[in-house]
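Results of the structural survey
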Amino acid sequence: MGAADRAYIEALFLEYRTSIRNYVARMLPGGYQEADAVLQETYVKVLALQDLQPLRESPRAYLYTVATNLVRDGLRRHMRRKADQHECFEESNHTSPDPSPEGSAEWQQSLQQMKQALLRLKPVVRKVFLMSRFEEMTYPEIAAALSISTRSVERHMSAAMKHLQAELNELL
């Protein structure tokens, strides 16, 4: 950048500095202190330009556009920082690990209903269900343990699931 271009930019800033500063200060939460920083950044950006043609065509509009864009960028950064510092209130993070008396009673009642529903299953169906769900055995492992086919295990599991779903519909 030549000396003439630098002198032109300095003259523009002397002409528009106060109006840009006032304009930017109204947009920023920090007022004039932050506005001065944006004004300085605007000056640096304009000094770094390779092509001054857009600046020469409409100097006031160009300077205001650069300043406005810097304000927007700064506000976005500020909002991102605030969002990073925000901690959501999660009910699960602030509840007691101990169940409430109502919750405990409901849990006990649900367990009792589950036990009663399991007891109403045929013994082999109940055994297959318990081995699958509570002992975490695979169907082939259950088939081998009970000396039945894998297909029989599948049928028993299907029967158990249908029965339990019908019996415990209000719990599910």
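All of the points below concern the structure found in this document.

Observations concerning the overall build of the protein
Scanning the protein from N- to C-terminus turns up eight helices and zero strands. Starting at the N terminus, the α and β elements of the protein follow one another as α-α-α-α-α-α-α-α. Counting contacts in the protein only where the partners sit at least 6 residues apart, residues at least 24 apart contribute 59% of the total. For the protein, the accessible area works out to roughly 12,300 Å², and carbon and sulfur atoms hold 52% of it.

Description of the pattern of salt bridges
Using the criterion set out here, one finds five salt bridges in the structure. Here Arg56 makes a salt bridge to Asp5, at a shortest N to O gap of 2.6 Å. One end of the pair, Arg56, is in helix 3 (residues 53-57); the other, Asp5, is in helix 1 (residues 3-27), and 51 residues separate them in sequence. Between Arg21 and Asp36 there is a salt bridge, with its nearest N and O atoms 2.4 Å apart. Highlighted residues: Arg21 in helix 1 and Asp36 in helix 2 (residues 32-47), separated in sequence by 15 residues. With relative accessibility at 27%, the residue Arg21 sits in the partly exposed group.

Section: the packing of aromatic side chains
Within this structure, the stated rule accounts for three aromatic pairs. Summarising the aromatic geometry, the rings of Phe13 and Tyr43 are spaced 4.7 Å apart at their centres and angled 85° between planes, so their arrangement reads as edge-to-face. Of this pair, Phe13 sits in helix 1 while Tyr43 sits in helix 2, and the two are 30 residues apart along the sequence. We classify Phe13 as buried; its relative accessible area is 8%. Residue Tyr43 is classed as partly exposed on the basis of its relative accessible area of 23%. Summarising the aromatic geometry, the rings of Phe129 and Phe134 are spaced 6.3 Å apart at their centres and angled 70° between planes, so their arrangement reads as edge-to-face. By relative accessible area, which is 5% here, Phe129 ends up buried. Lying over the aromatic face of Tyr8, Arg56 brings its terminal NZ or CZ to 4.7 Å of the ring centre. In this structure, Arg60 is placed above the aromatic ring of Tyr64, and the distance from its NZ or CZ to the ring centre is 4.5 Å.

Definitions and cut-offs
- Residues numbered from 1 in each chain as written.
- Predicted model: local features only at pLDDT ≥ 70, side-chain atom pairs only at ≥ 80, totals over all residues.
- Heavy atoms only, no water.
- Helix = DSSP H or I, 4+ residues; strand = E, 2+ residues; numbered from the N terminus.
- Contact = heavy atoms within 4.5 Å.
- Areas by Shrake-Rupley, 256 points an atom, 1.4 Å probe, with all protein chains shown as cover.
- Salt bridge = Lys/Arg side-chain N within 4 Å of Asp/Glu carboxyl O.
- Buried < 20%, exposed > 50% of the residue type's maximum accessible area, 1.4 Å probe, protein only.
- Phe/Tyr/Trp six-rings, centres within 6.5 Å; stacked < 30°, edge-to-face > 60°.
- Lys NZ or Arg CZ within 6 Å of the ring centre and 35° of its normal.

That is the geometry; function is a separate question.
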